[in-house]
Structures are given as C-alpha cells and as structure tokens.
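# Fold and contact review
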Amino acid sequence: MDALDLARWQFAITTVYHFLFVPLTISLAFIVASFQTAWVRTSNEKYLRLTRFYGELFLINFAMGVVTGIVQEFQFGMNWSDYSRFVGDIFGAPLAIEGLLAFFLESTFLGLWIFGWGKLSKRIHLATIWIVAVGTVLSAYFILVANAWMQQPVGFAVNASTGQAELKDFGAVLTNPTVLLAFPHVIGGAFMTGGAFVLGVAVWRLVRRPSDDGAPFRTAAKVGASVLLIAGLFVLVTGDQLGKHIAVDQPMKFAAAENLRTTEAQAPFSLVTVWDLSGKQVFSIEVPDMLSILATNNPNAQVQGIDNLQAQYAKLYGPGDYSPIVPVTFWTFRMMIGAGMLAALAAAWFLWRMRKGRAPGRGAMAIALVLPLLPLAANSFAWLFNEMGRQPWIVQGQKLTSSAVSSSVGTLEVAVTLVGFTLLYGGLAIVEITLLAKRIRGPVGEAVTSADADGSTPFSY
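Sequence order as written defines the numbering, with residues in each chain counted from 1. Only residues with pLDDT of at least 70 get local features here, since the model is predicted, and only at 80 or more are side-chain atom pairs given and counted; chain-wide, interface and lining totals rely on the full set of residues. Note that the side-chain values use all heavy atoms of the structure and ignore hydrogens as well as water.

## Remarks on the overall build of the protein chain
To qualify as a helix, a DSSP run of H or I must reach at least 4 residues; to qualify as a strand, a run of E must reach at least 2; elements of each kind are numbered from the N terminus. Each helix and strand in the protein chain was counted, giving 15 helices and 8 strands. Put simply, the radius of gyration uses C-alpha atoms, and a globule should come to 2.2 Å times the residue count raised to 0.38. Relative to the compact-globule value of 23 Å for 461 residues, the protein chain shows a C-alpha radius of gyration of 24 Å, a close match. Each principal axis of the C-alpha atoms in the protein chain carries an extent, and together these give about 75 × 50 × 40 Å. Buried residues in the protein chain amount to 51% of all 461 residues. Any pair of residues with heavy atoms lying within 4.5 Å of one another is described as a contacting pair. At a minimum sequence separation of 6, the contacts of the protein chain that also span at least 24 residues come to 79%. Only the protein chains shown count as cover for residues, and the accessible areas themselves come from Shrake-Rupley with a 1.4 Å probe. For the protein chain, the accessible area works out to roughly 20,600 Å², and carbon and sulfur atoms hold 68% of it. Between the averaged position of the 31 positive side-chain charges in the protein chain and that of its 28 negative side-chain charges there is a distance of 14 Å. We call a residue buried when its accessible area falls under 20% of the maximum for its residue type, exposed when it is over 50%, and partly exposed in between, using a 1.4 Å probe and counting protein chains only. Lys and Arg are tallied as positive, Asp and Glu as negative. Neither His nor the chain termini are counted. Positions of charges follow a simple convention, taking NZ of Lys, CZ of Arg, CG of Asp or CD of Glu.

So this is what it looks like as structure tokens:
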C-alpha cells in the first residue's frame, strides 16, 4: 500500500474508534441529567444513586472521547495537508466554533458538576449537567456541519488563482440540507447507544445483585429500554428522509448501496445477495419495488444505476472511476440497518419481559451484555457507508481523495504512525473496559445517607 492507502486506513481506524465514545457521551449526558432532575423534583434517593452511578460511567467515557478525538485534527495537517489547503477557509470555521463554544460549555460546566456537589444549590448544580448535555449536542452539530460540507458543498466559491475553496455564505454552510437531515439521525443513533448501555448495565446489576439494586436498576432498565426503542423508531424515520436526500444529491452512493448497475424503474431492494468471482449475481432475496420506494416513496420511480452515472461523471469530470467500493457500501448499509433493528426489537422484548414487576433471568442478562454492541456497530457501519460511499471524492464533485493526501509525507512515515496509533488505541481500549467494568461491579451510592442527601458526597474514585 502507498501513503494514500495508509493515510485512509489511519483516518478510518482513529475516526471509527473515536466515534465509539461520542454517541455514548451525548446520550449519557441527557440520561444522567434526567436522573438528577427526577431526584431534585422528588427527593427519591434511587434517582440520586442512579445519577452518581451512571454519572461516573459518563465521566470515564467522556475522558476517553476527548483523548481519542485530539488525534483527528492533527491528521488534517499531517496526512491531509492538500485537503486542508483546499477547504481550510470553510472547514476551519465550524471546527473552531465547536472547540471555542461547544467544547468550552462541556468541559467548563462538567467541572462545575463534578466539584459542585454540596457547594452549589441543587437547582444550579442540576443546571450544570444540562448545560453539559446541550454542549454535547452543539459539538455534534458543528462537527456534522463540517462533514456535511464534504458530502454536499454549499456556500463557497473556488478561487481560480489559488485553487482554494473560499467561504461566501456561512449561513448556507450551517443550514446545509445534508446536516439538517443527518443531525437528527445521528442524535437518534446516539440515544440508541445510551439506552442500550443503561439497559445492559441495569439488567446485569438486577441479575447479579437483585436484593441490593432492585429499586434503582429496575427503573434504569425501563428507562434504558424505553430510550432505545423510541430512539430506534426515530432513527427509522430520520434515516428514511436522509436516504431520499442521498438518492437525489449523491445518486452514486445510493446506487452502490444496492449494487444497481443500470438505471431501472420499479427497482427492487435485495436483503441478501451473493456474487461469484466475476461479479455475476448468483443468488438474491429481493423485495420488489423497495429501492424505488426508499428513493422517492413511488414504487414506479426510476433509480439511476452505477454504470449510467459513471458515464455521466466521466463526461462531466473527465476520465476516471467515479464509483465507490461497491461491496463495502452494499454490506455496511445492510449491517447498519440490521444491527439497529435488532437493538430496537431487543428493547421491546425487555419491556415486555419486565412487565408487571417481573425480573429478568440469566438468559436476559446474556442478551443485555451484548445489546450495547448493536447500536455501536450500527453507528460504525453508518459512518463507513457514509464516507466510503462518497469515494473517490473527499469533497463531493470538487476534490478527489487521491489529490488530498500530503505530498511530503512518505509511506514509511504514515505506516509508523498507523502502527503507533493502533497500539495506543488498543491500550486505551483496555483502560476503558477495565475502568467501566470496575465501576459497574462497584457500589452504587451506598455512601448516600440522610446526612448528605444534599449531594455533598464526592464520586467514589
């Protein structure tokens, strides 16, 4: 592999790894804030115990997310300097706002929340965690603004003398149709992740320590399952709207998601397809007209095919292959949908299983332990589909990925940093899992007594 391939692998590995922490951070912030709100309103100690318990898990995840996210911005200058030169005037604006505004809110008020127990009034202290939650959403929005511009560049003009993209309408960049559709979809996926995590941990505690943790964790399990199910339905609706936008704005990505080679009316959607080594389809289970419905809501609508789009793009942009790696796009799209649907169905099953005060059994605990991995996998597959489906463009219709890599960085340099980051992130994964497991197995607010019910007891670690 050359420097370009290695740089792509490095960015993919570090980005997907970082995004394992992002959705959990976003959703846990709101769930913890909701538990604390319930405690402030009712003075019920179980909500305080849940706030403390899941608050510590949130802090561990937040810290790991910050550490792994720092690497991302450095890669723009190290491995993708030609890309940075082209988009710096535009790309830098939302990233700067994310750091100066959104992350400032998160970090500052998270510190106040951590050290404000017993020092701030209950309501002011509660406000700090809600501000943290709002900050996580703002941070996600501005990051998605930058990514959406790569998918659908708007509000800019290319300077003919410098060859650089220059910002002309920041309002158009902030209200890019792609980000307006992608943002609720991503947030929905984040809440699926948080709901599955809260549910999985709660069920484990209920099975392993039913006498000690029954009251708070039965509540947590129901909250987690409800959040997961509602968020799953929300993701279904927002994903449908986003898919229809992709069919119009990025038709090659949409066609690759089905491996639709030629333009076709009443296009089917295949649930499973098998090809031979020559690329010929040998087996498929299809839903008639479904791809046309996904694209337009019209079963008779025409959907453009890969070969037809390739011919159009070759005339428009010049000779070259403008189709993505179809097997990757095809299967990540299905894995995204499959993992998300399984998670939502599991949430519905848990709500039914725990109805009328029934306790989950050991079989339910086994499912609960695996459950958080499903939305995490769905989120990762979604990003792989989103970014791989855009190839060979790094900025849709404006700049090819092959022309964006740093010309001064050699294969050996990228290979060394790729190995280094992979080993480092592997070590961080061990630290993350160890800390989470230790805290999940640990005590749950036993130190909370009537004497310190104002919340003055510090976190256990």
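From this point, the discussion proceeds with the structure in view.
## Topic: the packing of helix H4 (residues 81-115) against helix H5 (residues 122-151)
For every element, the axis is a line fit to its C-alpha atoms; helices are fit only across the contacting stretch, and the angle between N-to-C directions ranges from 0 to 180 degrees. Interaxial distance between H4 and H5 falls to 7 Å at its minimum, and their mutual angle equals 170 degrees. What the angle tells us is that H4 and H5 run roughly antiparallel. Just so you know the grouping, Ala, Val, Leu, Ile, Met, Phe, Trp, Tyr, Cys and Pro go in nonpolar, Asp, Glu, Lys and Arg go in charged, and all remaining residues, Gly too, go in polar. By residue class, the composition of the contact of H4 with H5 is 24 nonpolar, 6 polar and 2 charged. By the definition adopted for this analysis, an angle is roughly parallel if under 35 degrees, roughly antiparallel if over 145, roughly perpendicular if from 65 to 115, and oblique otherwise.

## What about the nonpolar core?
A general feature of soluble globular proteins is that nonpolar side chains tend to end up buried together. Counting 96 residues, the largest nonpolar core has Tyr-54, Phe-58, Tyr-83 and Phe-217 as its most contacted members. Looking at this core element by element, the count peaks at 16 residues for helix H7 (residues 177-208). Residues within four places of Tyr-83 in sequence aside, it is in contact with Phe-76, Phe-91, Met-150, Ile-394, Val-395, Lys-399 and Ala-404. Core analysis: the second largest hydrophobic core is formed by 15 residues, Ala-182, Ala-257, Ala-267 and Phe-385 among them. Each nonpolar core is a collection of buried residues, namely Ala, Val, Leu, Ile, Met, Phe, Trp, Tyr and Cys, held together in the definition by side-chain atoms within 4.5 Å.

## Thoughts on the confidence of the model for the protein chain
Residues at a pLDDT of 70 or more form 93% of the protein chain, whose mean pLDDT is 85. Confidence scores here are pLDDT values: one per residue, from the predictor, ranging 0 to 100. By mean pLDDT, strand E5 (residues 281-287) is the weakest element of the protein chain at 75, and helix H2 (residues 22-42) is the strongest at 92. Within the model, pLDDT remains below 50 along residues 446-458, and this stretch shows 22 contacts once partners closer than five positions in the same chain are excluded.

## Some details on the packing of aromatic side chains
Pairs were defined over the aromatic rings of Phe, Tyr and Trp, the Trp ring being its six-membered one, requiring ring centres within 6.5 Å. Orientation was assigned from the angle between planes: stacked under 30 degrees, edge-to-face over 60, tilted for the rest. Throughout the structure, instances matching the rule amount to 26 aromatic pairs. Between Phe-30 and Trp-130 the ring centres are 6.0 Å apart and the planes differ by 70 degrees, which places this aromatic pair in the edge-to-face class. Pair noted here: Phe-30 is in helix H2 and Trp-130 is in helix H5, with a separation of 100 residues, a long-range link. A residue is classified by how much of its surface remains accessible, and Phe-30, at 18% relative accessible area, is buried. Since its relative accessible area comes to 30%, Trp-130 is described here as partly exposed. Each member of the aromatic cluster is reached from another via a ring pair, and the members are Tyr-17, Phe-21, Phe-421 and Tyr-425. Geometrically, a lysine NZ or arginine CZ counts as sitting over a ring once it is within 6 Å of the ring centre and also within 35 degrees of the ring normal. It is Arg-52 that lies over the ring of Trp-117; its NZ or CZ is 4.5 Å from the centre. The residue whose ring lies beneath Arg-334 is Phe-330, and the NZ or CZ to ring-centre distance is 3.6 Å.

## Describing the packing of H2 against helix H3 (residues 45-78)
As a packed pair, H2 and H3 sit with axes 9 Å apart at the nearest point and diverge in direction by 160 degrees. For the element pair H2 / H3, the angle class is roughly antiparallel. The handedness of the crossing between H2 and H3 is left-handed. Contacts between H2 and H3 involve Leu-24, Thr-25, Leu-28, Ala-29, Val-32, Phe-35, Gln-36, Ala-38, Trp-39 and Thr-42 from the first element and Tyr-47, Leu-48, Leu-50, Thr-51, Tyr-54, Gly-55, Leu-57, Phe-58, Asn-61 and Phe-62 from the second. Left-handed describes a crossing in which the near helix is turned anticlockwise from the far one by less than a right angle; the clockwise case is right-handed.

## Regarding the environment of Ala-314
Tracing the backbone shows Ala-314 in helix H11 (residues 306-317). When its relative accessible area of 29% is taken as the criterion, Ala-314 is described as partly exposed. Considering only alpha carbons, one finds Ala-314 and Gly-239, 75 residues apart in sequence, at a separation of 30 Å. For Ala-314, the contacting residues outside a window of four places in its chain are Pro-319 and Tyr-322.

## Quick notes on a nonpolar patch on the surface
The patches reported here contain residues having more than 30% relative accessible area and no salt bridge. Joining distances are 9 Å for like charges and 5 Å for nonpolar side chains (Val, Leu, Ile, Met, Phe, Trp, Tyr). Salt bridges, as used here, are contacts in which a Lys or Arg side-chain nitrogen is within 4 Å of a carboxyl oxygen on Asp or Glu. On the surface, a nonpolar cluster with roughly 490 Å² of combined accessible area is contributed by Leu-271, Val-272, Val-274, Val-282, Phe-283 and Ile-285. Going through the elements one at a time, strand E4 (269-275) and E5 are the ones with two or more residues in the nonpolar patch. Along the polypeptide, Leu-271 turns up in strand E4. Residue Leu-271 is classed as partly exposed on the basis of its relative accessible area of 45%.

## Digging into the pattern of salt bridges
Pairs may arise between side chains of opposite charge once their charged atoms sit close together. Applying the stated criterion across every chain yields a total of 7 salt bridges. Put simply, Glu-56 and Arg-439 hold a salt bridge, and the shortest N to O gap is 2.7 Å. Of this pair, Glu-56 sits in helix H3 while Arg-439 sits in helix H15 (residues 411-441), placing them 383 residues apart in sequence. The class of Arg-439 is buried, set by a relative accessible area of 8%. In this structure, Glu-166 engages Lys-168 in a salt bridge whose closest nitrogen and oxygen atoms are separated by 3.8 Å.

## Focus: the environment of Met-78
Topologically, Met-78 is positioned in helix H3. With 330 residues separating them along the chain, Met-78 and Ser-408 place their C-alpha atoms 9.2 Å apart.

## Here we look at unusual backbone geometry
The amide bond that connects Gln-391 to the next residue, Pro-392, takes the cis arrangement and shows omega of 15 degrees. One can find Pro-392 in the loop between helix H14 (373-388) and strand E7 (393-395). Even without being glycine, Asn-297 reaches a positive phi, approximately 70 degrees. Inspection of the secondary structure assignment puts Asn-297 in the loop between helix H10 (290-296) and strand E6 (302-303). The class for Asn-297 is exposed, based on a relative accessible area of 53%.

## Brief notes about the side chain of Gln-396
For Gln-396, the location among the structural elements is in the loop between E7 and strand E8 (399-400). The class of Gln-396 is buried, set by a relative accessible area of 17%. Each polar contact in these results corresponds to two N or O atoms within 3.5 Å; when the atoms are within protein, one needs to be able to donate a hydrogen and the other to accept it, and residues that are neighboring in sequence are counted only if both atoms are side-chain atoms. Here the side chain of Gln-396 touches Gln-250 through a polar contact of 3.2 Å, side chain to side chain. Residues contacting Gln-396, with those up to four places away along its chain left out, are Met-150, Gln-151, Pro-153, Gln-250 and Arg-390.

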